[in-house]
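Summary of structural features
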Amino acid sequence: MSGIISDNLGRSSGLVKAASGGDFVKIATAEVTGSVAATVDIQGCFTSTYDNYQIHFNRLNLDGSSPFGPVFLDDSNAAMTTQYNTKGHYLNGAYNSDGEGSWNDNGTSGIKLTNGYASYRDSIPTSGIIYLPDPRSTRTPGDGNKTFWWTIMGGQASHFWRYDGMGYQAVTAATPYGGIQFKGFSDNIEVGFKATVYGLKT
């Protein structure tokens, strides 16, 4: 079950109302309350009103040792499964050790925000920001890819980690992003998770 809050109007898998006005505006929020949720959707949150979006999330912990793998949604609220291509840099290790490096990956079932590191440590839940420019492809010169980048921090057994990455998906203006779905690759999202979408005019 997922708890939904958006101007006091919600549905079982997402949010439907959006705020208006200003240059940096809170669009919609979703929160998991009561019991774990397989997925949490924020639907219909990307429009041509804003040039850029930021998706802030915190208190993310899964009930098993799988990585976090969100997907974007189209205007019908279906998951967009064209291949996501990602790469980035990381820091990881226990409190008294450290590792660092870079990675690249791709897949169709979710955005690989880490190179396999899980969001599975109650005492160090995952939080982060995903940056998304022009998700409706209204101002993008040379349409053909949707781009995004992120910074996240979290933990798994004997590790805490940070990942900074970037990615793209080969979808055109004919298939704009409409929303985002939060999920693990194979596990549920625990109670306490909260995500908020903000729009920015430039």
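Residues numbered from 1 in each chain as written. Predicted model: local features only at pLDDT ≥ 70, side-chain atom pairs only at ≥ 80, totals over all residues. Heavy atoms only, no water.

1. Some remarks on the overall build of the protein chain
When you go through the protein chain residue by residue, the secondary structure sums to zero helices and 14 strands. In the protein chain, the succession of helices and strands from N to C terminus is β-β-β-β-β-β-β-β-β-β-β-β-β-β. Taken over 202 residues, the protein chain has a buried fraction of 47%. Within the protein chain, contacts between residues at least 6 apart in sequence are counted, and of these 75% link residues at least 24 apart. When the accessible area of the protein chain is evaluated, it comes to approximately 9,200 Å², of which 48% is carbon and sulfur surface. (Helix = DSSP H or I, 4+ residues; strand = E, 2+ residues; numbered from the N terminus. Buried < 20%, exposed > 50% of the residue type's maximum accessible area, 1.4 Å probe, protein only. Contact = heavy atoms within 4.5 Å. Areas by Shrake-Rupley, 256 points an atom, 1.4 Å probe, with all protein chains shown as cover.)

2. Structural notes on the packing of aromatic side chains
Counted according to the given criterion, the structure contains 17 aromatic pairs. Summarising the aromatic geometry, the rings of Phe-57 and Phe-182 are spaced 6.2 Å apart at their centres and angled 55 degrees between planes, so their arrangement reads as tilted. Pair noted here: Phe-57 is in strand β6 (residues 52-60) and Phe-182 is in strand β13 (residues 179-183), with a separation of 125 residues, a long-range link. Here Phe-57 and Phe-182 have matching classes, each one buried. Ring geometry for Trp-161 against Tyr-163: centres 5.4 Å apart, planes inclined by 75 degrees, an arrangement best described as edge-to-face. (Phe/Tyr/Trp six-rings, centres within 6.5 Å; stacked < 30°, edge-to-face > 60°.)

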